[in-house]
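# A look at the structure
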Amino acid sequence: MSNPFDDRVLALAGMLQALAQVRRIADTGQSDSSQVQAALDSVFRIDAHSTEAVFGSANGLHTGLRQLRDYLANGNKDEALGKLALAVLQLERRFVRTGAMVTQVQTALLRLQANANTMGSTHANVISELAKLYADTLSNLRPRVMVQGNPHYLGQAGVVAEIRALLMAALRAAVLWRQLGGSLWDFVFSRRQMAAAIDARIPR
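Bear in mind the structure is a predicted one, so any value in this text is a computation, not a measurement.

Conventions used here
Residues numbered from 1 in each chain as written. Predicted model: local features only at pLDDT ≥ 70, side-chain atom pairs only at ≥ 80, totals over all residues. Heavy atoms only, no water. Helix = DSSP H or I, 4+ residues; strand = E, 2+ residues; numbered from the N terminus. Rg over C-alpha atoms; globule rule 2.2 N^0.38 Å. Buried < 20%, exposed > 50% of the residue type's maximum accessible area, 1.4 Å probe, protein only. Contact = heavy atoms within 4.5 Å. Areas by Shrake-Rupley, 256 points an atom, 1.4 Å probe, with all protein chains shown as cover. Lys, Arg positive; Asp, Glu negative; His and termini not counted. Charge placed at Lys NZ, Arg CZ, Asp CG, Glu CD. Phe/Tyr/Trp six-rings, centres within 6.5 Å; stacked < 30°, edge-to-face > 60°. Lys NZ or Arg CZ within 6 Å of the ring centre and 35° of its normal. Salt bridge = Lys/Arg side-chain N within 4 Å of Asp/Glu carboxyl O. Patch = residues over 30% accessible without salt bridge, like charges linked within 9 Å, V, L, I, M, F, W, Y side chains within 5 Å. Polar contact = N/O pair within 3.5 Å; in protein donor to acceptor, adjacent residues only side chain to side chain.

This paragraph deals with the overall build of the chain. A tally of regular secondary structure across the chain gives 11 helices and zero strands. In terms of overall size, the chain behaves like a compact globule, its C-alpha atoms giving a radius of gyration of 16 Å where 204 residues would be expected to give roughly 17 Å. Projected onto the principal axes, the alpha-carbon positions of the chain cover approximately 40 × 35 × 30 Å. The buried share of the chain, reckoned over its 204 residues, is 46%. Put simply, 81% of the contacts in the chain that link residues at least 6 apart link residues at least 24 apart. Carbon and sulfur atoms provide 50% of the accessible area of the chain, an area that totals close to 10,200 Å². Here the chain carries 22 positive and 16 negative side-chain charges, and the mean point of each set is 5 Å from the other.

Scanning the model with the defined rule gives three aromatic pairs in all. Ring centres 6.1 Å apart and planes at 85 degrees place the aromatic pair Y71 and F187 in the edge-to-face group. Taken together, the residues Y71 in helix α4 (residues 62-72) and F187 in helix α10 (residues 186-189) connect sequence positions 116 residues apart. Exposure remark for Y71: the relative accessible area of 33% places this residue in the partly exposed category. On the accessibility criterion, F187 (16% relative accessible area) is buried. Ring geometry for W177 versus F187: centroids 6.2 Å apart, planes at 50 degrees, classification tilted. Of the two residues, W177 is situated in helix α9 (residues 157-179) and F187 in helix α10; the sequence distance between them amounts to 10 residues. Taking the relative accessible area as the measure of exposure, W177 reaches 1% and is therefore buried. Over the ring of F5 we find R8; its NZ or CZ atom is 4.8 Å from the centre of that ring.

This part takes up unusual backbone geometry. Note the cis peptide between R142 and P143, where omega equals -10 degrees. Looking at the secondary structure, you find P143 in the loop between α7 (124-136) and α8 (151-154).

Charged atoms that come close allow side chains of opposite charge to pair. If you walk through the whole model with that rule in mind, you get eight salt bridges. Here R93 and E92 are joined by a salt bridge, their closest N and O atoms 3.0 Å apart. Salt-bridge contacts for R178 lead to E92; the nearest nitrogen and oxygen are separated by 3.2 Å. Taken as a pair, R178 in helix α9 and E92 in helix α5 (residues 79-96) lie far apart in primary sequence, 86 residues in all. Because the salt bridges share partners, they merge into one network encompassing E92, R93 and R178.

Before going further, it helps to examine the environment of L154. Note that L154 resides in helix α8. Exposure remark for L154: the relative accessible area of 27% places this residue in the partly exposed category. Separated by 43 residues in sequence, L154 and A197 have C-alpha atoms that sit 36 Å apart. Those residues in contact with L154 that lie beyond four places of it in its chain are A26, V147, Q148, G149, V160 and I163.

Time to look at a nonpolar patch on the surface. A contiguous nonpolar surface patch, about 390 Å² in accessible area, is contributed by W185, V188 and F189. Among the structural elements, W185 can be located in the loop between α9 and α10. On the accessibility criterion, W185 (56% relative accessible area) is exposed.

Once that is clear, we can look at the side chain of R8. By secondary structure assignment, the location of R8 is in helix α1 (residues 4-28). Judged by its relative accessible area of 12%, R8 falls in the buried class. Polar contacts involving the side chain of R8 include one to the main-chain carbonyl oxygen of L180, which spans 3.1 Å. Apart from residues lying up to four places away in sequence, R8 is in contact with W177, L180, G181, G182 and D186.

From the geometry alone we can't say anything about function, so treat these as descriptive.
If you want it as C-alpha coordinates, here you go:
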(Lines give C-alpha, C1' and ligand atoms only; values in the text may rest on other atoms or scores of the structure.)
Protein backbone atom coordinates (compact mmCIF):
# COMPACT_ATOMS: atom_id res chain seq x y z
CA MET A 1 0.00 0.00 0.00
CA SER A 2 1.41 3.40 -0.99
CA ASN A 3 2.30 6.01 1.60
CA PRO A 4 -0.58 8.54 1.75
CA PHE A 5 1.94 11.32 2.31
CA ASP A 6 3.56 10.72 -1.10
CA ASP A 7 0.71 12.48 -2.88
CA ARG A 8 -0.04 14.97 -0.12
CA VAL A 9 3.46 16.46 -0.20
CA LEU A 10 3.17 16.88 -3.98
CA ALA A 11 -0.05 18.84 -3.55
CA LEU A 12 1.52 21.03 -0.84
CA ALA A 13 4.61 21.53 -2.99
CA GLY A 14 2.40 22.64 -5.85
CA MET A 15 0.70 25.15 -3.59
CA LEU A 16 3.98 26.52 -2.19
CA GLN A 17 5.56 26.77 -5.63
CA ALA A 18 2.62 28.80 -6.94
CA LEU A 19 2.69 31.06 -3.88
CA ALA A 20 6.44 31.56 -4.18
CA GLN A 21 5.77 32.99 -7.64
CA VAL A 22 3.07 35.22 -6.15
CA ARG A 23 5.66 36.56 -3.72
CA ARG A 24 8.26 37.00 -6.45
CA ILE A 25 5.89 38.86 -8.79
CA ALA A 26 4.59 41.08 -6.00
CA ASP A 27 8.15 42.06 -5.02
CA THR A 28 9.87 42.27 -8.42
CA GLY A 29 7.22 42.24 -11.14
CA GLN A 30 8.98 39.19 -12.62
CA SER A 31 8.25 35.47 -12.48
CA ASP A 32 9.70 32.11 -13.47
CA SER A 33 7.77 31.27 -16.64
CA SER A 34 8.16 27.49 -16.30
CA GLN A 35 6.86 27.48 -12.72
CA VAL A 36 3.98 29.78 -13.59
CA GLN A 37 3.01 27.50 -16.47
CA ALA A 38 3.17 24.40 -14.27
CA ALA A 39 0.91 26.10 -11.73
CA LEU A 40 -1.64 27.40 -14.22
CA ASP A 41 -1.68 24.15 -16.21
CA SER A 42 -2.70 22.35 -13.02
CA VAL A 43 -5.85 24.46 -12.74
CA PHE A 44 -7.18 22.93 -15.94
CA ARG A 45 -6.14 19.31 -15.28
CA ILE A 46 -9.45 18.62 -13.62
CA ASP A 47 -9.68 14.92 -14.43
CA ALA A 48 -5.99 13.98 -14.11
CA HIS A 49 -5.40 10.30 -13.35
CA SER A 50 -2.92 10.96 -10.53
CA THR A 51 -1.64 13.71 -8.26
CA GLU A 52 1.63 13.82 -10.17
CA ALA A 53 -0.27 14.22 -13.45
CA VAL A 54 -2.06 17.30 -12.08
CA PHE A 55 1.30 19.09 -12.00
CA GLY A 56 2.74 17.50 -15.13
CA SER A 57 5.43 15.60 -13.25
CA ALA A 58 7.05 15.49 -9.82
CA ASN A 59 10.27 16.79 -11.41
CA GLY A 60 8.60 20.14 -11.94
CA LEU A 61 7.86 20.45 -8.21
CA HIS A 62 11.39 20.23 -6.84
CA THR A 63 11.40 23.89 -5.78
CA GLY A 64 8.15 23.49 -3.87
CA LEU A 65 9.28 20.20 -2.31
CA ARG A 66 12.49 21.83 -1.06
CA GLN A 67 10.52 24.75 0.37
CA LEU A 68 8.25 22.32 2.20
CA ARG A 69 11.19 20.30 3.49
CA ASP A 70 12.86 23.46 4.78
CA TYR A 71 9.67 24.41 6.58
CA LEU A 72 9.33 20.99 8.20
CA ALA A 73 12.98 21.10 9.28
CA ASN A 74 12.56 24.58 10.78
CA GLY A 75 15.38 25.72 8.54
CA ASN A 76 15.67 28.89 6.50
CA LYS A 77 12.18 29.76 5.38
CA ASP A 78 10.25 32.68 4.06
CA GLU A 79 7.88 33.60 6.89
CA ALA A 80 5.73 35.63 4.52
CA LEU A 81 5.38 32.59 2.27
CA GLY A 82 4.29 30.50 5.27
CA LYS A 83 1.64 33.06 6.22
CA LEU A 84 0.39 33.17 2.64
CA ALA A 85 0.18 29.37 2.54
CA LEU A 86 -1.82 29.29 5.78
CA ALA A 87 -4.18 31.95 4.39
CA VAL A 88 -4.79 29.83 1.28
CA LEU A 89 -5.44 26.71 3.37
CA GLN A 90 -7.96 28.69 5.40
CA LEU A 91 -9.50 30.03 2.18
CA GLU A 92 -9.91 26.45 0.95
CA ARG A 93 -11.98 25.60 4.04
CA ARG A 94 -14.32 28.56 3.45
CA PHE A 95 -14.52 27.89 -0.28
CA VAL A 96 -15.57 24.24 -0.08
CA ARG A 97 -18.36 25.16 2.34
CA THR A 98 -19.96 27.45 -0.27
CA GLY A 99 -21.54 24.93 -2.63
CA ALA A 100 -22.84 27.54 -5.06
CA MET A 101 -19.39 29.13 -5.43
CA VAL A 102 -17.72 25.76 -5.94
CA THR A 103 -20.15 25.02 -8.76
CA GLN A 104 -19.62 28.49 -10.24
CA VAL A 105 -15.83 28.07 -10.26
CA GLN A 106 -15.95 24.54 -11.68
CA THR A 107 -18.31 25.61 -14.47
CA ALA A 108 -16.13 28.60 -15.35
CA LEU A 109 -12.94 26.50 -15.43
CA LEU A 110 -14.55 23.97 -17.75
CA ARG A 111 -15.55 26.83 -20.03
CA LEU A 112 -12.02 28.28 -19.98
CA GLN A 113 -10.37 24.92 -20.52
CA ALA A 114 -10.78 25.06 -24.30
CA ASN A 115 -9.02 28.43 -24.50
CA ALA A 116 -6.26 27.22 -22.19
CA ASN A 117 -5.74 24.15 -24.37
CA THR A 118 -5.67 26.25 -27.54
CA MET A 119 -3.72 29.32 -26.45
CA GLY A 120 -1.85 27.96 -23.43
CA SER A 121 -2.57 28.52 -19.76
CA THR A 122 -0.15 31.46 -19.57
CA HIS A 123 -1.70 33.40 -22.45
CA ALA A 124 -2.69 36.89 -21.36
CA ASN A 125 -6.36 36.26 -22.16
CA VAL A 126 -6.45 33.07 -20.08
CA ILE A 127 -4.68 34.74 -17.15
CA SER A 128 -7.12 37.65 -17.38
CA GLU A 129 -10.11 35.29 -17.28
CA LEU A 130 -8.69 33.34 -14.33
CA ALA A 131 -8.02 36.60 -12.50
CA LYS A 132 -11.57 37.81 -13.15
CA LEU A 133 -12.96 34.50 -11.90
CA TYR A 134 -10.91 34.81 -8.72
CA ALA A 135 -12.02 38.41 -8.21
CA ASP A 136 -15.69 37.56 -8.80
CA THR A 137 -15.72 34.60 -6.44
CA LEU A 138 -12.90 33.91 -3.99
CA SER A 139 -12.13 37.57 -3.34
CA ASN A 140 -15.59 37.85 -1.79
CA LEU A 141 -14.75 35.38 0.98
CA ARG A 142 -13.50 36.86 4.26
CA PRO A 143 -10.90 37.31 5.46
CA ARG A 144 -9.30 37.85 2.06
CA VAL A 145 -5.86 36.55 1.14
CA MET A 146 -3.59 39.58 1.43
CA VAL A 147 -0.48 39.75 -0.75
CA GLN A 148 2.28 42.12 0.36
CA GLY A 149 4.85 43.49 -2.06
CA ASN A 150 6.20 46.49 -3.93
CA PRO A 151 3.38 49.04 -4.44
CA HIS A 152 4.85 49.92 -7.85
CA TYR A 153 4.17 46.42 -9.16
CA LEU A 154 1.00 45.81 -7.19
CA GLY A 155 -0.47 48.84 -8.93
CA GLN A 156 -0.06 47.23 -12.36
CA ALA A 157 -3.11 45.44 -13.76
CA GLY A 158 -1.03 42.72 -15.43
CA VAL A 159 0.80 41.90 -12.20
CA VAL A 160 -2.44 41.79 -10.21
CA ALA A 161 -4.01 39.48 -12.82
CA GLU A 162 -1.07 37.07 -12.70
CA ILE A 163 -1.14 37.05 -8.89
CA ARG A 164 -4.86 36.25 -8.84
CA ALA A 165 -4.42 33.49 -11.43
CA LEU A 166 -1.64 31.96 -9.33
CA LEU A 167 -3.78 32.20 -6.20
CA MET A 168 -6.38 30.19 -8.08
CA ALA A 169 -3.70 27.59 -8.80
CA ALA A 170 -2.64 27.56 -5.15
CA LEU A 171 -6.25 27.03 -4.09
CA ARG A 172 -6.58 24.16 -6.57
CA ALA A 173 -3.55 22.49 -4.93
CA ALA A 174 -4.99 23.12 -1.44
CA VAL A 175 -8.30 21.52 -2.42
CA LEU A 176 -6.40 18.54 -3.84
CA TRP A 177 -4.36 18.19 -0.63
CA ARG A 178 -7.54 18.10 1.44
CA GLN A 179 -9.12 15.58 -0.96
CA LEU A 180 -6.08 13.36 -0.40
CA GLY A 181 -6.77 13.34 3.34
CA GLY A 182 -4.52 16.25 4.25
CA SER A 183 -5.13 18.12 7.49
CA LEU A 184 -3.36 20.82 9.46
CA TRP A 185 -2.83 18.10 12.06
CA ASP A 186 -0.31 16.60 9.62
CA PHE A 187 2.04 19.46 10.52
CA VAL A 188 1.71 18.57 14.20
CA PHE A 189 1.77 14.77 14.24
CA SER A 190 3.15 13.67 10.87
CA ARG A 191 6.13 15.91 10.12
CA ARG A 192 8.52 12.94 10.04
CA GLN A 193 6.37 11.02 7.57
CA MET A 194 6.01 14.09 5.38
CA ALA A 195 9.74 14.73 5.41
CA ALA A 196 10.42 11.10 4.49
CA ALA A 197 7.99 11.33 1.58
CA ILE A 198 9.78 14.47 0.36
CA ASP A 199 13.23 12.88 0.71
CA ALA A 200 12.03 9.94 -1.37
CA ARG A 201 11.32 12.44 -4.16
CA ILE A 202 14.43 14.59 -3.78
CA PRO A 203 17.10 12.73 -1.77
CA ARG A 204 19.67 14.83 0.02
